[in-house]
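# Structure at a glance
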Amino acid sequence: MTSWLTPDWPAPANVRACVTTRAGGVSVEPFASFNLGDHVGDDPVAVAENRRRLTAELGCQPAWLSQVHGVEVVEADPTVVATADGSWSATPGIACTIMTADCLPALFCDRAGTRVAGAHAGWRGLAGGVLEATVDAMGVAPGELLVWLGPSIGPQAFEVGPEVREAFLAEHAEAARAFIPSANAGKFMADIYELARIRLAAKGVTAVYGGDFCTFSDTERFYSYRRSSRTGRLASLIWLA
């Protein structure tokens with residue numbers, strides 16, 4: 001689909017990745033139109049058709065997850081819906097698939113083009129270490145990894161309480177720079193992209209790209225749970241050709 005996003009990063013030629021947008025599906029409001037989430041109250045027939053179109057368009061087999069804001073990372077398997085927030089694969093044609101609507105999707109590959117992974121990082125998963133767990137699951141030296149940060153809620157829209165800030169500062173003092181006081185007393189505006197970069201850098205991953213979207217403000221392209229709690233889900237996929 002021409003409206004879908006392709007990461008701008010120096011990944012090997014055999015690494016393919018895509019992020020869907022709201023366009024190109026059959027779901028009706030408030031899920032219009034390419035909702036891929038089967039857990040949000042949309043018509044199951046519409047979701048199944050959207051997923052069929054996704055597979056036909058990309059020519060890979062998505063490995064869906066049941067995401068729980070945790071840190072579990074599994075090997076991608078299209079025949080099982082695993083309860084996890086990350087997956088990895090070394091098998092061509094199997095796509096690590098992450099669903100989001102404000103949370104951060106992070107896509108990983110190694111420089112040799114032999115392994116890929118995807119992680120779902122809301123603030124809880126990010127603070128809990130889902131990105132670090134994904135790095136570990138890939139079994140590749142961190143310096144050999146590339147990461148692309150996909151569409152998430154942007155720093156101008158992500159207001160959080162002090163407990164969120166404290167959760168990040170408890171592990172990395174430099175996380176302070178990812179929070180600025182908001183107009184509401186005691187609250188902060190958080191930059192989830194910067195928090196991801198800080199945590200990846202601490203793990204030894206410095207080749208990080210993307211991170212310039214805002215799902216909340218871009219109403220035409222993206223779903224946003226914070227904008228509307230009854231909404232669809234985007235998918236970020238990465239696979240080996």
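Residues numbered from 1 in each chain as written. Predicted model: local features only at pLDDT ≥ 70, side-chain atom pairs only at ≥ 80, totals over all residues. Heavy atoms only, no water.

### Some details on the overall build of the protein chain
- From N to C terminus, the protein chain includes 5 helices and 15 strands.
- A compact globule built from 241 residues should have a C-alpha radius of gyration of about 18 Å, and the protein chain, at 17 Å, falls within 12% of that.
- Here the C-alpha coordinates of the protein chain stretch approximately 45 × 40 × 30 Å along the principal axes.
- Out of the 241 residues belonging to the protein chain, those deemed buried represent 55%. (Helix = DSSP H or I, 4+ residues; strand = E, 2+ residues; numbered from the N terminus. Rg over C-alpha atoms; globule rule 2.2 N^0.38 Å. Buried < 20%, exposed > 50% of the residue type's maximum accessible area, 1.4 Å probe, protein only.)

### Comments concerning the sheet that holds strand S15 (residues 234-240)
- Taken together, the 4 strands give an open sheet; going across it, the order is S1-S15-S7-S2, and neighbouring strands pair in mixed fashion. Each having just a single partner strand, strand S1 (15-19) and strand S2 (61-63) make up the two edges of the open sheet. Within the sheet, the average angular offset between the axes of one strand and its neighbour, ignoring direction, is 25°.
- Judged from the 5 bridges that link them, strand S7 (residues 94-100) and S15 form a sheet pairing that is antiparallel. Opposite isoleucine 98, over in S15, you have serine 236 as the bridge partner. (Pairing = 2+ DSSP bridges. Axes fitted to C-alpha atoms, helices over the stretch in contact; angles between N-to-C directions.)

### Some remarks on helix H5 (residues 192-202)
- Within H5, 8 of the 11 residues are buried, which leaves it mostly tucked inside the rest of the structure.
- Buried residues of H5: Ile192, Tyr193, Glu194, Leu195, Ala196, Ile198, Arg199 and Leu200, and no others.
- By the N-cap criterion, in which a side-chain oxygen at the helix start approaches the backbone nitrogen of a residue two or three places on, H5 is capped by aspartate 191, the distance to tyrosine 193 being 3.1 Å.
- With its phi angle positive at about 100°, glycine 204 sits one or two positions after the end of H5. (Polar contact = N/O pair within 3.5 Å; in protein donor to acceptor, adjacent residues only side chain to side chain.)

Just distances and angles here, no functional claims.
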